[in-house]
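Now for the letters of each chain:
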Amino acid sequence: MSLKSIKSVDYVVIVCRDLERARDFYSRVLGFQIEYERDDWIRFQVGPVSLTLRPESGLFSRRELTGPALQLAFEVPLKDLDQCFQELESHGAAIIAPPKDQTWGHRTLYFTDPEGNILEIYAEID
């Protein structure tokens, strides 16, 4: 099924110039409970969607983007991820990181939309 297997938005990542200030805003001002935290990743559960903050750096540098610093992640079955990559390439999508197994247990694929937003298709690695 590949790209047609996307059924929902799983989590939203906001790239932050000042992670501590953003953490304070989302936790103290908005009252969101922190579900998980490490130095480079703060996750809140907001209804069925995770809202995550990460500092800008490397691939996720706002200085390198021409549009908003937003990452949307879409989960697909592991068997479909590489096919998604091929389909995106065939449509001329701007791939910024091809499929790769990550240390946190995901196989990821990163690309941008026409506004420069970072989009991710990922699968849980069994």
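Here's what I pulled together on the structure shown here. Because the structure is a prediction, the values reported are computed rather than measured.

1. Concerning the pattern of salt bridges
By the definition in use, this model includes six salt bridges. Salt-bridge contacts for Arg 38 lead to Asp 40; the nearest nitrogen and oxygen are separated by 2.5 Å. By relative accessible area, which is 33% here, Asp 40 ends up partly exposed. Among the ionic pairs, Lys 79 bridges to Asp 80, the shortest N-O distance being 3.3 Å. Taking the relative accessible area as the measure of exposure, Lys 79 reaches 67% and is therefore exposed. Take Asp 80: its relative accessible area is 5%, and that puts it in the buried class.

2. Focus: the sheet that holds strand E3 (residues 41-46)
On the basis of which strands lie adjacent, the open sheet formed by eight strands has the order E2-E3-E4-E1-E5-E8-E7-E6 and mixed pairing. The sheet terminates laterally at strand E2 (34-38) and strand E6 (94-101), the two strands that pair on one side only. Across the sheet, the mean angle from the axis of one strand to that of its neighbour is 20 degrees, orientation sign disregarded. In this structure, E6 lies alongside strand E7 (residues 106-112), joined through five bridges in antiparallel fashion. Along E7, the bridge assignment pairs Lys 100 with Thr 108.

3. Regarding the packing of aromatic side chains
Each aromatic ring pair is characterised by the separation of its centres together with the angle its planes make. A complete count under the given rule lists three aromatic pairs for this structure. With 6.2 Å between their ring centres and 75 degrees between their planes, Tyr 11 and Trp 41 make a pair best called edge-to-face. Here Tyr 11, found in strand E1 (residues 11-16), pairs with Trp 41, found in strand E3; they are 30 residues apart in sequence, far enough to count as distant. Its relative accessible area of 13% is what places Trp 41 among the buried residues. Each residue in the set Tyr 11, Trp 41 and Tyr 122 is aromatic and connected to the rest through ring pairs, giving one cluster.

4. A closer look at the nonpolar core
Ranked by size, the top nonpolar core spans eleven residues in total: Phe 74, Val 76, Leu 81, Cys 84, Phe 85, Leu 88, Leu 109, Phe 111, Leu 119, Ile 121 and Ala 123. If you list the elements that add at least two residues to this core, you get helix H2 (78-90), E7 and strand E8 (118-124). If you tally residues by element for this core, the top one is H2, at four residues. The residues touching Ala 123, leaving out its near neighbours within four places in the chain, are Val 76, Pro 77, Leu 78, Leu 81, Gly 105, His 106 and Arg 107. Among the nonpolar cores identified, the runner-up in size contains nine residues, and Val 12, Leu 19, Ala 22 and Leu 51 belong to it.

5. Overview of helix H1 (residues 19-29)
Note: α-helices contain 3.6 residues per turn, so residues at a spacing of three or four share the same orientation. If you check which residues of H1 are buried, you get Leu 19, Ala 22 and Tyr 26. Down the axis, H1 shows its buried residues gathered within 70 degrees of arc, on one side only. Along H1, the residues that are exposed and aim more than 90 degrees away from the buried face are Glu 20, Arg 21 and Arg 28. The secondary structure elements touched by the buried residues of H1 are E1, E3 and strand E4 (49-55). Once H1 ends, the next one or two residues include Gly 31, with phi positive near 80 degrees.

Thresholds applied
Residues numbered from 1 in each chain as written. Predicted model: local features only at pLDDT ≥ 70, side-chain atom pairs only at ≥ 80, totals over all residues. Heavy atoms only, no water. Salt bridge = Lys/Arg side-chain N within 4 Å of Asp/Glu carboxyl O. Buried < 20%, exposed > 50% of the residue type's maximum accessible area, 1.4 Å probe, protein only. Pairing = 2+ DSSP bridges. Helix = DSSP H or I, 4+ residues; strand = E, 2+ residues; numbered from the N terminus. Axes fitted to C-alpha atoms, helices over the stretch in contact; angles between N-to-C directions. Phe/Tyr/Trp six-rings, centres within 6.5 Å; stacked < 30°, edge-to-face > 60°. Core = buried A, V, L, I, M, F, W, Y, C linked by side-chain atoms within 4.5 Å. Contact = heavy atoms within 4.5 Å. Arc of directions from axis to C-beta.

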